[in-house]
Amino acid sequence: MPNPLRIDVPAALNPSPLARPPALTQPASLTHTATVCDPGTSLALYLPATLRDVERAAAAKLPPHTLMARAGAAVADWLYARLPVLASAGRQPVLLLAGPGNNGGDAYVAAHDLHRRGVLVDVWQCAAPATDDARWAHAQAMTAGVPIRPAPAVWPHPATYAWIVDGLFGIGLSRPLDGAAAALVGNIAYAHAHGTPVLAIDIPSGLGAATGMADGAVIHADVTIAMLGACPGLFTGKGRDVAGMVLVASLGAEEALEAAPAAPATPTARPTLATLATSAPDVFGADLPLRRHASHKGSYGSLAVLGGHPGMVGAPLLCARAGLMTGAGRVYVGFVAPDAPAWDPVHPELMLRAAEDVDLAAMQAVCVGPGLGTSAASAACLSRALSLEQTPLVIDADALNLIAAHASLAERVRRRAGPTILTPHPLEAARLAGCSVADVESDRLSAARSLAKRFGAVVVLKGSGSIVDDGAGAWINTTGNAGLATAGTGDVLTGAIGALLAQGMPANTAALAGVWLHGKAADRCVAEGAGPAGLTASELLPAMRAELAALSERGARGATRTAT
């Protein structure tokens, strides 16, 4: 899978994949590093066990210590190009923290390289090197005169260092940080809060590489350079808050990476993930609906939104408005509440009626759940939607709670022949799985896969780094921000996915596109000064339409270039 975040530099030309060759002489195959906040192309992700296998396979074909030398040089090259003038002139030091494993070895190599360039470095050794590569790197640094000492008990002034490099613990860490390590992370947090930038090698220490969880202290980085490949924990859970800008250094191990599955089966309870990547337009863009001149409203499908228990009629209205703004040709709203509004003054294009009066058989897609409630009338409304055998169905909110509470409804979901998309937040996912929210959040990938398998559905597990899982592949969304943590945004997402289904998109790519557009709309709003605090769900609608238009225009330009 192409990767815009990886810089591919032939090892023979440059041992550091993040080095910056002169612009006029760099090979045509080079791409530039970029943040994952707005990726144009999906990024393959790898579980820690896979990356260890890749490392062994790549190292077996290279002279000893080559991968570590390249990793340390990648850190040094990237950092040297961004040091302030005082630091590059050797007048302000860089602090590198070295743990016992290969991350510590990478830090020793980076310190050695920076020292050779005249940069003042200060290496704090938090434990003796415990691997052959790390011992080699430590010896090389010592021989070169790099100052290495134990971490002091008293932290210096927070402005002492130009940068802090985290080489404490890597992707193999499987326990919370405690004791001296946790105290050191607290001191780093103090310096970071006072303006000292932090670069993490591979992953911020304390963050779960596979899960994005951190049960104890964790480094907050401005930049993370992932070695060989990136782990999913960088993009979901707490990873999005602590990893900062993520870069990938392939270290010349592309052959080993291509031979490895994105996420293999493991001996644990984790489900097999045949495909694991971030979501981006190259994954779903080919399925986006085209808008042709010779078309009419029927060309873009009819969408029904069912919900709106008394006191909650706003939820299906938001959902239906999102359906309109995401391109559905006609949108109907069916209310459970007997005293629901007869029309929508904001969008009079919507057709409002009692839920039982909506002709579901004439719909190309149905969303059920926004504001639905859990009454007998609510359950009857959901049951009617489940009677549709082939119509694509998006199940959200209280419809999910009803399914969790009634085994007969859950069984009907499992038996459906048509496409089904479930859009739970962590509490709804926990109810569906019969576990706690903590269980869901401790391994979001496994939770999403288990629900997808159990219900034979595409699952959108919402949250920081929302996960879309279709039972065979999993994608982590990297758009969006904290502005989405407000009432009604889930209803907007459901309507967007439903509209894309109504226009003929397959269930998995409709879910991917809807989640990506939803997040991009929030990013657009914040960039324009609306939020994140105080962003409302209604404000997402025009922004989502604008992002869809931008995607469609990009796709049209690509199709034109292909045709010519």
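Criteria and thresholds
Along every chain, residues carry numbers that run from 1 in the direction the sequence is written. It should be noted that, the model being predicted, local features are given only for residues of pLDDT at least 70 and side-chain atom pairs only at 80 or more, the latter also being counted only at that level, while totals for whole chains, interfaces and linings use all residues. Only hydrogens and water are removed before side-chain values are computed, so all heavy atoms of the structure are retained for them. UniProt positions are given in the numbering used here, feature names are shortened, and annotations may be inferred rather than shown by experiment. Only Phe, Tyr and Trp rings take part, Trp by its six-membered ring, and two of them pair if their centres are within 6.5 Å. Stacked means planes under 30 degrees apart, edge-to-face means over 60, and tilted covers everything else. Secondary structure elements are defined from DSSP: runs of H or I of at least 4 residues count as helices, runs of E of at least 2 residues count as strands, and each element is numbered from the N terminus. Only protein chains enter the calculation, and the probe is 1.4 Å; a residue is then buried if its accessible area is under 20% of its type maximum, exposed if over 50%, and partly exposed in between. Here, a salt bridge means any Lys or Arg side-chain nitrogen found within 4 Å of an Asp or Glu carboxyl oxygen. Whether two strands pair comes down to DSSP finding at least two bridges between them. Whenever a helix is involved, its axis is fitted only over the stretch in contact; in every case the axis is a line through C-alpha atoms, and angles between N-to-C directions fall within 0 to 180 degrees. The contact criterion used is simple: two residues touch if any of their non-hydrogen atoms lie within 4.5 Å. Here, two cysteine sulfur atoms that lie within 2.5 Å of each other are counted as a disulfide.

An unreviewed UniProt entry lists the protein under the name Bifunctional NAD(P)H-hydrate repair enzyme, with Pandoraea nosoerga as the source organism. A UniProt comment under Subunit (unreviewed entry) is attached to the protein, and it reads "Homotetramer."

Colleague: Quick question: what am I supposed to make of the packing of aromatic side chains here?
Modeller: In this description, a pair of aromatic rings is defined by centroid distance and the angle of the planes. Inspection of the entire model under this criterion finds four aromatic pairs. Ring geometry for Trp124 against Trp155: centres 5.0 Å apart, planes inclined by 85 degrees, an arrangement best described as edge-to-face. Here the residue Trp124 occupies a position in strand S3 (residues 121-125), and Trp155 occupies one in the loop between strand S4 (148-150) and strand S5 (164-167), the gap between them amounting to 31 residues. Given a relative accessible area of 15%, Trp155 falls into the buried group. Measuring from centroid to centroid gives 6.2 Å for Trp124 and Tyr161, while their planes differ by 85 degrees, and the two rings are edge-to-face.

Colleague: Where do I start with the pattern of salt bridges in this structure?
Modeller: One side chain can pair with another of opposite charge once the charged atoms of both are near each other. All told, the structure shown has 14 salt bridges when counted by the stated rule. Among the ionic pairs, Asp77 bridges to Arg117, the shortest N-O distance being 2.1 Å. With Asp77 in helix H2 (residues 66-80) and Arg117 in the loop between helix H4 (102-116) and S3, the pair connects residues that are 40 residues apart, well separated along the chain. One salt bridge connects Arg524 with Glu547, and the closest N-O pair in it is separated by 2.9 Å. With Arg524 in helix H18 (residues 507-527) and Glu547 in helix H19 (residues 540-563), the pair connects residues that are 23 residues apart, well separated along the chain. When its relative accessible area of 9% is taken as the criterion, Glu547 is described as buried. By sharing partners, the salt bridges in this structure join Asp77, Asp113, Arg116 and Arg117 into a single network.

Colleague: Help me out: how do you make sense of the sheet that holds strand S18 (residues 473-476) in this one?
Modeller: Within a sheet, adjacent strands bond to each other through the backbone by hydrogen bonds, running parallel or antiparallel. Across the sheet, ten strands lie side by side as S9-S18-S17-S16-S15-S14-S13-S10-S11-S12; this open sheet has mixed pairing. The strands lining the two open edges of the sheet, one partner per strand, are strand S9 (275-278) and strand S12 (351-354). Between one strand axis and the next, the sheet turns by 15 degrees as a mean value, whatever way the strands run. Strand direction decides the pairing type here: strand S10 (residues 302-307) and strand S13 (residues 365-368), joined by four bridges, are parallel. Across the sheet, residue Ala304 finds its bridge partner in S13, namely Val366. Packing of helix H11 (residues 376-386) onto the sheet brings it into contact with S10, S13 and strand S14 (393-395), and relative to S14 it is tilted by some 150 degrees.

Colleague: Can you walk me through the state of the cysteines in this structure?
Modeller: Simply put, disulfide is the name for a covalent bond between the sulfur atoms of two cysteines. Using the criterion set out here, one finds zero disulfides in the structure. The structure places no disulfide on Cys367, whose sulfur is separated from the nearest cysteine sulfur, that of Cys319, by 4.4 Å.

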